[in-house]
Amino acid sequence: MKVLVFLFLILSSAGSFSIIAQEVIDKNEEQTIKEEVWKVVEKRNKTWVENDFKGHMSIYHPNFRRWTVNSEILMTKEIFASFWDDIKKNEEVIKIDIKRKEMQILDSGNLAIAHYIINETYKWIGESKTNDEGITIRKGQVMNGKLRFSDIYMNVDNKWLYLGGHRDGGNLVED
């Protein structure tokens, strides 16, 4: 029994040590990582505004997953590629402003979660329609959207790739 308790204590303390070691990185290194990831967040949004499909998709991890909006479909990189075409045929993005909220750095600096809000101004270029809320959207109408994102990025061979995350929108209250 004493041997089992001793082994448990050794294994427990080894496990605790590895968890603590994973979370501790130098503050300067952490700040550098955060800025690298914020640059990728900005690039992802810039390529969306500029209709740069190839540049946008180059940021996506091959195993990317994220919920589709208003659906139970778990989006893959390929599904997002078709989503791009569907949304771009009806909307022309004028600008996106990014409001950084928080960045979490995990797994010894190899994983990051970027929390931010975007204010998007876009023009409806599709045919006039009535949306699900009964509001008529007219061709040429300029609209604003406010969306919250929590993006997960993974460092793969010194390149930050978009692994997945969550996005929502709606009536957000300013802080």
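Model, not experiment: these values are computed from the prediction. (Residues numbered from 1 in each chain as written. Predicted model: local features only at pLDDT ≥ 70, side-chain atom pairs only at ≥ 80, totals over all residues. Heavy atoms only, no water.)

Chemist: Describe the overall build of the protein chain, with residues and values.
Modeler: From N to C terminus, the protein chain includes four helices and eight strands. Ordered by position from N to C terminus, the α and β elements of the protein chain give α-α-α-β-β-α-β-β-β-β-β-β. For the protein chain, the proportion of its 175 residues judged to be buried stands at 33%. For the protein chain, long-range pairs separated by at least 24 residues make up 58% of all intrachain contacts whose partners lie at least 6 apart in sequence. Of the roughly 11,300 Å² of accessible surface on the protein chain, 55% is carried by carbon and sulfur atoms. (Helix = DSSP H or I, 4+ residues; strand = E, 2+ residues; numbered from the N terminus. Buried < 20%, exposed > 50% of the residue type's maximum accessible area, 1.4 Å probe, protein only. Contact = heavy atoms within 4.5 Å. Areas by Shrake-Rupley, 256 points an atom, 1.4 Å probe, with all protein chains shown as cover.)

Chemist: Describe helix H4 (residues 77-88), listing the residues and the values that go with them.
Modeler: Structural remark: α-helix, 3.6 residues per turn; residues separated by three or four positions point the same way. Over its twelve residues, H4 extends 16 Å from the first C-alpha to the last, a length consistent with the 16 Å expected when each residue adds 1.5 Å. Of all the residues in H4, the buried ones are Phe80, Ala81, Trp84 and Lys88. Mapping the buried residues of H4 onto a view down its axis gives an arc of 105°, with all of them on the same face. In this structure, the buried side of H4 is in contact with helix H2 (27-49), helix H3 (53-57), strand E1 (60-67), strand E2 (74-75) and strand E3 (91-106). (Expected span 1.5 Å × (residues − 1). Arc of directions from axis to C-beta.)

Chemist: Can you break down unusual backbone geometry residue by residue, with the values?
Modeler: One non-glycine residue, Ser108, lies in positive phi territory at about 55°. In this fold, Ser108 is placed in the loop between E3 and strand E4 (111-124). Positive phi values are uncommon outside glycine, yet Asp157 reaches one of about 50°. Relative to the assigned elements, Asp157 resides in the loop between strand E7 (142-156) and strand E8 (159-169). Residue classification places Asp157 among the exposed positions, given a relative accessible area of 74%.

Chemist: A description of the pairing of E8 should follow, citing residues and the corresponding values.
Modeler: In this structure, E1 lies alongside E8, joined through three bridges in parallel fashion. Residue pairing in the sheet places Arg66 in a bridge with Gly165 of E8. Relative to E8, E7 runs antiparallel, the two sharing ten bridges. If you follow Ile152 over to E8, its bridge partner there is Gly164. (Pairing = 2+ DSSP bridges.)

Chemist: With reference to specific residues and values, describe H2.
Modeler: For H2, spanning 23 residues, the distance from its first C-alpha to its last is 33 Å, which sits close to the expected 33 Å at 1.5 Å a residue. Of the positions making up H2, those classed as buried are Glu30, Ile33, Lys34, Val37, Trp38, Val40, Val41, Arg44, Asn45, Thr47 and Trp48. By the N-cap criterion, in which a side-chain oxygen at the helix start approaches the backbone nitrogen of a residue two or three places on, H2 is capped by Asp26, the distance to Asn28 being 2.9 Å. Phi turns positive, to about 55°, at Asn51, one or two residues after H2. (Polar contact = N/O pair within 3.5 Å; in protein donor to acceptor, adjacent residues only side chain to side chain.)

Chemist: Give me the lowdown on the nonpolar core, citing residues and values where you can.
Modeler: Counting 28 residues, the largest nonpolar core has Val37, Phe80 and Tyr153 as its most contacted members. Breaking this core down by element, the ones donating at least two residues are H2, E1, H4, E3, E4, E7 and E8. The residues contacting Phe80, other than those within four sequence positions of it, are Trp48, His56, Met57, Tyr60, Phe64 and Met75. (Core = buried A, V, L, I, M, F, W, Y, C linked by side-chain atoms within 4.5 Å.)

Chemist: Break down the sheet that holds E1 for me, with residues and values.
Modeler: Across a sheet, paired strands are connected by hydrogen bonds in the backbone, their directions being either parallel or antiparallel. Taken together, the six strands give an open sheet; going across it, the order is E2-E1-E8-E7-E4-E3, and neighbouring strands pair in mixed fashion. Each edge of the open sheet carries a strand with a single partner, namely E2 and E3. Across 13 bridges, the pairing between E4 and E7 is antiparallel. Looking at E7, one finds that Tyr122 is bridged to Met143. Packed onto the sheet, H2 meets E1, E3, E4, E7 and E8 and runs at close to 160° relative to E3. Its contacts with the sheet place H4 against E1, E2 and E3, and it is angled at close to 65° to E1. (Axes fitted to C-alpha atoms, helices over the stretch in contact; angles between N-to-C directions.)

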